[in-house]
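# Structure at a glance
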Amino acid sequence: MTNKLPAFGKLSRAPAYEQVADQIRSAILDRSLSAAARLPPERELALQFGVSRTTVREALRHLQAQGLLSPRGRTSPMLPADPNAALARFCEALSHVVQLRNVSLHELLELRLALETAALVRAAQAPVAKYLAEARTALALMDSPRLPQDAFYQADVDFHTALVAASGNEALRLVMLAVKDSIRQHLHEAVRGRSFAKIAVQVQAEHRKLLMAVEKGNAKAVAALLKKHLEFYGT
């Protein structure tokens, strides 16, 4: 009688520093290594993993490049990085990939429309009040006289991000942040040569309608208004 053998996995051939990095990464992501906990010194980590300090150092650099670890002085052990640092890396990486793959403005607008429509319809049904307040603040800032263009566009980002956050869906908010950063440069190109004063008036009028539709719970109007608003940048 033949014994049934278990399904054995292949041995890892990854470099030692990658295996060290994988274990530390897992501890950070599953929160068994808290954000306030410092890693042990390199010497102690080397003993725990049974590798050289050079291998540990390479693993830590690898994780730092991914935005998962943050140094605290030249000789201090590293700490798990603030989640915002990892988000910034994600946004930067997506922006680079979009440029390298020659993703068009039209394609980015389609993605943004799909994401933002889903979020704003959800927000219209059950909004998170504090984020609606943030949207109103951004809207008021954009109404400020003599507001520089860069500040205006940043307030525009803040307005849309706040409305997406009002959906209560954190995944949509995070992806929206990444998409907005990727699309910002394309938007600047799209409005180049147009009168900023006219753009500001139109954008603000459309923003006010969007916010009002969300606050009144009119999901159908939200979808139509958002589509018209984003099409302005694609023409």
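This structure is a prediction, so every number in the text was calculated from the model and none was measured.

Criteria and cut-off values
- Residues numbered from 1 in each chain as written.
- Predicted model: local features only at pLDDT ≥ 70, side-chain atom pairs only at ≥ 80, totals over all residues.
- Heavy atoms only, no water.
- Axes fitted to C-alpha atoms, helices over the stretch in contact; angles between N-to-C directions.
- Helix = DSSP H or I, 4+ residues; strand = E, 2+ residues; numbered from the N terminus.
- Parallel < 35°, antiparallel > 145°, perpendicular 65-115°, else oblique.
- Left-handed = near helix turned anticlockwise from the far one by under 90°.
- Contact = heavy atoms within 4.5 Å.
- Phe/Tyr/Trp six-rings, centres within 6.5 Å; stacked < 30°, edge-to-face > 60°.
- Polar contact = N/O pair within 3.5 Å; in protein donor to acceptor, adjacent residues only side chain to side chain.
- Salt bridge = Lys/Arg side-chain N within 4 Å of Asp/Glu carboxyl O.
- Buried < 20%, exposed > 50% of the residue type's maximum accessible area, 1.4 Å probe, protein only.

On to the packing of helix H6 (residues 129–142) against helix H7 (residues 149–165). Two elements in contact, H6 and H7, have axes whose closest approach is 8 Å; the angle formed by their N-to-C orientations is 160°. Between H6 and H7, the crossing angle belongs to the class labelled roughly antiparallel. The chirality of how H6 crosses H7 is left-handed. When H6 is examined against H7, the residues Tyr-131, Leu-132, Glu-134, Ala-135, Ala-138, Leu-139, Leu-141 and Met-142 are found in contact with a partner set consisting of Phe-152, Ala-155, Asp-156, Asp-158, Phe-159, Ala-162, Leu-163 and Ala-165.

The next point concerns the packing of aromatic side chains. What the rule picks out here adds up to three aromatic pairs. Pairing Phe-152 with Phe-196 gives two aromatic rings, centres 5.2 Å apart and planes at 85°, and the pair type is edge-to-face. Within this pair, whereas Phe-152 is found in helix H7, its partner Phe-196 is found in helix H9 (residues 196–215), the two being separated by 44 residues in sequence. Relative to Phe-196, the ring of Tyr-153 has its centre 6.1 Å away and its plane inclined at 75°; by these criteria the two rings are edge-to-face.

Residue position: Gln-204 is located in helix H9. Polar contacts involving the side chain of Gln-204 include one to the side chain of Asp-143, which spans 2.9 Å. Apart from the residues lying within four places of it in its own chain, the contact partners of Gln-204 are Leu-139, Met-142, Asp-143 and Phe-152.

Bringing the pattern of salt bridges into the picture now. All told, the structure shown has eight salt bridges when counted by the stated rule. Residue Arg-57 is joined to Glu-42 by a salt bridge in which the shortest nitrogen-to-oxygen separation is 2.9 Å. One end of the pair, Arg-57, is in helix H3 (residues 53–65); the other, Glu-42, is in helix H2 (residues 42–49), with 15 residues separating them in the sequence. Under the relative-accessibility criterion, Arg-57 is labelled partly exposed at 28%. The closest approach of N and O atoms between Lys-227 and Glu-231, which form a salt bridge, is 2.5 Å.

With that settled, consider the packing of H6 against H9. One can describe the packing of H6 onto H9 by two numbers: an axis separation of 11 Å at closest approach and a directional angle of 160°. By the criterion of interaxial angle, the relationship of H6 to H9 is roughly antiparallel. Remark: the crossing between H6 and H9 carries left-handed chirality. Facing H6, whose interface residues are Leu-132, Ala-135, Arg-136, Leu-139 and Met-142, H9 presents Val-203, Gln-204, His-207, Arg-208, Leu-211, Val-214 and Glu-215.

Everything listed here is a matter of coordinates, which is why it stays silent on function.
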